[in-house]
Amino acid sequence: MNAPDLRVSDAEREVAVDRLRAAAAEGRLDADELDERVSAAFSARTHGELTALLADLPPAAPAAPARTAPAVVDPDAPPRAVVLRQRTASFVVPNFVCLAVWAATGAGSFWPGWVLLGTGIAFGVFLIRFLLG
């Protein structure tokens, strides 16, 4: 535990300022009071001065633990073959419909090329990621 008359470090001042900013974000301090307390925190010399600035605030909520990538594959995830079939169907079906509409209407320019281009780029990116794992 810190004695009130011990000097504080710059890191301790930063921690206090972060807590003050969090309190302002929670709606516990208005902008003017935040400015006053931040200035006082940066000029504080002892733990007692910093403690006085934070005394009427509840303790900070514990930070959420950092999330890391799971080490195992999700057992509920569909198999890779199913994902590949679904993505392939979602590429082929709309493009086939556009080609059929274009052929049935006899439209002059090949407008389905724009649909093929957009969906083809997205499908190509998926394939590259799928093949690379």
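Just so it is clear, the structure is predicted and the values come from calculations on it, not from any experiment. (Residues numbered from 1 in each chain as written. Predicted model: local features only at pLDDT ≥ 70, side-chain atom pairs only at ≥ 80, totals over all residues. Heavy atoms only, no water.)

Please give an account of the packing of helix H1 (residues 10-25) against helix H3 (residues 47-54) that cites residues and values.
Relative orientation of the contacting elements H1 and H3 amounts to 5°, with a least axis distance of 10 Å. Here H1 is positioned roughly parallel relative to H3, judged by the angle of their axes. Contacts between H1 and H3 involve Glu12, Arg13, Ala16, Arg19 and Leu20 on the former and, on the latter, His47, Leu50, Leu53 and Leu54. Among the residues making up the contact of H1 with H3, the classes are represented as 5 nonpolar, 1 polar and 3 charged. (Axes fitted to C-alpha atoms, helices over the stretch in contact; angles between N-to-C directions. Helix = DSSP H or I, 4+ residues; strand = E, 2+ residues; numbered from the N terminus. Parallel < 35°, antiparallel > 145°, perpendicular 65-115°, else oblique. Contact = heavy atoms within 4.5 Å. Nonpolar A, V, L, I, M, F, W, Y, C, P; charged D, E, K, R; others polar.)

Mind laying out the layout of surface pockets, listing which residues take part and the relevant values?
Looking at the largest pocket, its volume works out to about 150 Å³. What lines the largest pocket is Arg80, Val83, Arg87, Val125, Phe126, Arg129, Phe130 and Gly133. Those elements giving two or more residues to the lining of the largest pocket turn out to be helix H4 (80-105) and helix H5 (112-132). In terms of residues, the lining of the largest pocket owes the most to one element, H5, which gives 4 residues. Of the residues assigned to the lining of the largest pocket, the class counts are 4 nonpolar, 1 polar and 3 charged. (1 Å grid on protein atoms, 1.4 Å probe; cavity = no way out; pocket = protein on both sides within 12 Å on 5 of 7 lines; lining within 4 Å. Points joined across faces, edges and corners; volume = space filled by probe spheres on them.)

Can you lay out H1 for me, pointing to particular residues and giving the numbers?
Along its 16 residues, H1 runs 22 Å from first to last C-alpha, staying within 8% of the 22 Å computed at 1.5 Å per residue. For H1, the complete set of buried residues consists of Arg13, Ala16, Val17, Arg19, Leu20 and Ala23. All buried residues of H1 project into a common sector of 155° when viewed along the axis, lining one side. Exposed residues on H1 whose side chains face more than 90 degrees from its buried face are Asp10, Ala11, Val15 and Ala25. Buried residues along H1 sit against helix H2 (31-43) and H3. Gly27 sits one or two positions beyond H1 and adopts a positive phi of about 90°. (Expected span 1.5 Å × (residues − 1). Buried < 20%, exposed > 50% of the residue type's maximum accessible area, 1.4 Å probe, protein only. Arc of directions from axis to C-beta.)

Explain the pattern of salt bridges residue by residue, including any values.
Applying the stated rule across the entire model yields 5 salt bridges. The partner of Arg28 in a salt bridge is Glu26, with the nearest N and O atoms 2.7 Å apart. For Arg28, a relative accessible area of 47% puts it in the partly exposed group. A cluster of three or more residues bridged by salt bridges with shared partners is formed by Arg19, Glu26 and Arg28. (Salt bridge = Lys/Arg side-chain N within 4 Å of Asp/Glu carboxyl O.)

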